Amino acid sequence: MLAVHQAADGGLARVRVPGGVLRIGQLEVLRVAALELGDGRLELTSRGNVQIRALKPDGPRELSDRLFAAGLLPSITHERVRNILASPLSGLDQQSSYDVLPVVNALDEALCACPSLAELPGRFLFALDDGRGDLAGIGADVAVRAVDHREALLTLGGHGAVRVPWSHAVEVMLAAAEAFLAVRTEEWRIAELEDGEGRILDRLGLQATEELPTATTTVGAGRHGDALVATVPLGSLTQDQATALTHAVAGEAAVRLTPWRSVVVPVVAGEQLEKVGLVTTADSPWNGVTACAGRPGCGKALADVRGDARRMLQLVPRDGRRVHWSGCERRCGKPAGEFVDVVAVGNGYLVDGVRM
Ligand code: SF4
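Residues numbered from 1 in each chain as written. Predicted model: local features only at pLDDT ≥ 70, side-chain atom pairs only at ≥ 80, totals over all residues. Heavy atoms only, no water.

Estimated volume of the second largest pocket: approximately 320 Å³. Together, 15 residues line the second largest pocket, and Pro18, Gly71, Arg82, Asn105 and Asp108 are the ones closest to its centre. Only strand 3 (21-23) and helix 3 (101-112) provide two or more residues apiece to the lining of the second largest pocket. A per-class count over the lining of the second largest pocket returns eight nonpolar, three polar and four charged. (1 Å grid on protein atoms, 1.4 Å probe; cavity = no way out; pocket = protein on both sides within 12 Å on 5 of 7 lines; lining within 4 Å. Points joined across faces, edges and corners; volume = space filled by probe spheres on them. Helix = DSSP H or I, 4+ residues; strand = E, 2+ residues; numbered from the N terminus. Nonpolar A, V, L, I, M, F, W, Y, C, P; charged D, E, K, R; others polar.)

Before going further, it helps to spend a moment on the pattern of salt bridges. For the coordinates displayed, the defined rule picks out 18 salt bridges. One salt bridge in this structure joins arginine 53 and glutamate 43, with 3.7 Å as the shortest N-O distance. Of this pair, arginine 53 sits in strand 5 (residues 50-55) while glutamate 43 sits in strand 4 (residues 42-44), and the two are ten residues apart along the sequence. Using a relative accessible area of 7% as the deciding quantity, one classes arginine 53 as buried. With a shortest N-O distance of 2.6 Å, aspartate 141 and arginine 189 are connected by a salt bridge. With aspartate 141 in the loop between strand 7 (126-129) and strand 8 (142-146) and arginine 189 in the loop between helix 4 (166-183) and helix 5 (196-204), this pair connects stretches of sequence that are 48 residues apart. (Salt bridge = Lys/Arg side-chain N within 4 Å of Asp/Glu carboxyl O. Buried < 20%, exposed > 50% of the residue type's maximum accessible area, 1.4 Å probe, protein only.)

What follows concerns the packing of aromatic side chains. Summed over the entire model, instances satisfying the criterion amount to four aromatic pairs. Centroid distance phenylalanine 124 to phenylalanine 126: 5.4 Å. Interplanar angle 70 degrees. Geometry classified as edge-to-face. Comparing phenylalanine 124 with phenylalanine 126 shows no difference in burial state: the two are buried. Look at phenylalanine 124 and phenylalanine 180: their rings are 5.0 Å apart centre to centre, the planes differ by 35 degrees, and that puts the pair in the tilted class. (Phe/Tyr/Trp six-rings, centres within 6.5 Å; stacked < 30°, edge-to-face > 60°.)

A separate point is the nonpolar core. Counting residues in hydrophobic clusters, the biggest one holds 38 residues, and the most contacted among them are Leu120, Phe126, Leu128, Val142, Leu154 and Trp166. For this core, the secondary structure elements donating two or more residues are strand 6 (84-86), helix 3, strand 7, strand 8, strand 9 (151-156), strand 10 (159-165), helix 4 and helix 5. With eleven residues, helix 4 is the largest single contributor of residues to this core. The residues touching leucine 128, leaving out its near neighbours within four places in the chain, are Ile84, Leu85, Ala86, Ser87, Val100, Val103, Val104, Leu107, Leu135, Val144, Trp166 and Met173. One finds Leu2, Leu30, Ala34 and Leu257 within the second-largest nonpolar core, a separate group that totals 37 residues. (Core = buried A, V, L, I, M, F, W, Y, C linked by side-chain atoms within 4.5 Å. Contact = heavy atoms within 4.5 Å.)

Taken in spatial order, the five strands make up an open sheet running 6-7-8-9-10, and their pairing is mixed. Across the chains shown, the open sheet's two edge strands, defined by having one partner strand only, are strand 6 and strand 10. Between one strand axis and the next, the sheet turns through 20 degrees on average, direction left out of account. Where strand 8 meets strand 9, five bridges bridge the pair, whose relative direction is antiparallel. (Pairing = 2+ DSSP bridges. Axes fitted to C-alpha atoms, helices over the stretch in contact; angles between N-to-C directions.)

Attention now goes to empty space enclosed by the protein. Remark: the empty space left among the atoms is shown by a probe the size of a water molecule rolled over them. Per the counting criterion, the structure on display carries one cavity of 30 Å³ or more. In this structure, the largest cavity spans a volume of roughly 40 Å³. If you go around the largest cavity, the residues you meet are Pro285, Val289, Leu313, Val316, Arg318, Val323 and Trp325. Considering only residue class, the lining of the largest cavity consists of six nonpolar, no polar and one charged.

With that settled, consider the packing of helix 4 against helix 5. The interhelical angle for the contact between helix 4 and helix 5, taken along N-to-C directions, is 115 degrees, at an axis separation of 9 Å. Two packed elements cross with a definite hand, and for helix 4 against helix 5 that hand is right-handed. Across the interface between the two elements, Val172, Ala175, Ala176, Ala179, Phe180, Ala182 and Val183 from helix 4 touch Arg199, Ile200, Arg203 and Leu204 from helix 5. When the residues that make up the contact of helix 4 with helix 5 are grouped by side-chain class, the tally is nine nonpolar, no polar and two charged. (Left-handed = near helix turned anticlockwise from the far one by under 90°.)

Here arginine 295 and proline 296 are connected by a cis peptide whose omega angle stands at 0 degrees. The residue alanine 54 is not glycine, and still its phi comes out positive at about 60 degrees. Among the structural elements, alanine 54 can be located in strand 5. Here the phi dihedral of aspartate 195 falls at roughly 50 degrees; this positive angle occurs in a residue that is not glycine. With respect to the helices and strands, the residue aspartate 195 is situated in the loop between helix 4 and helix 5. Taking the relative accessible area as the measure of exposure, aspartate 195 reaches 51% and is therefore exposed.

Put into structure tokens, the structure is as follows:
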């Protein structure tokens, strides 16, 4: 059965979506499950996964059965470690040097087929960048970035760069994960190991000889080629919004969840999505704003951060940075890199350490 965390508002289930690719039938299964078994909402995470909150006592068993039938729970033993991010616009626009999604599927299958890798820490993260550099700042443990359709650059813990052919990428990525398990003691991430990159490369017989490109890009709301990126305000997808997404994509196609709590759909869907509160323009104040669960979902929360973020959306000065609202100092779900830090302190909020 799917492992479920007990939160203040009931069971909290995380559904892994490798590469963020969610077929419409699967999205519909999640939508109905959230309605019937949880609080009705689908939460998008910073790893492109989905969470369902407030599960009733018999919810986890029923949810597991539904996920299994929909192909969303292919391995109980490896569910926790299927953390695989991919460039959400892979193969959809001119900036994509190589479509990494077939490699994501191959990696996921090979990961689940390798018994020893079930021991990876749940925080361990794989990333496949299609060459544009949108995942460069995501802090993956084992990442590949496309050079072209023949080769990619492998990095470990964000360091070094080793050129590998795509035909060997899955094998090398999993070998790096196994090498991490061999050298770790209690560390959860490669970056926590002293000279983790060097020790793992040594075990693999590889050397970092390449320069990693410094160019990075962000994938914001709006049109990108034939695709549209729609921000989900505070990463919390309502029933109406999930339904609009299922109607926006034809047939057996898929939406793609991004690690920035947005969704990639075909351009034609824009108007329908705006009607239900999804954001499809780059100048909306909702872009780049995230929040932890807060009250009532989390027992540690000092405030209803999502409600407050909605009420005070325009009051926080941003100077181009993302904004993250937290109900306590743990700052769950905070974005990678620089952000405006809004933290509840019991009788108000500190914004970058200054009382608001
Ligand atoms: S940051 Fe604090 S209040 Fe928010 S979800 Fe995490 S533990 Fe709960």
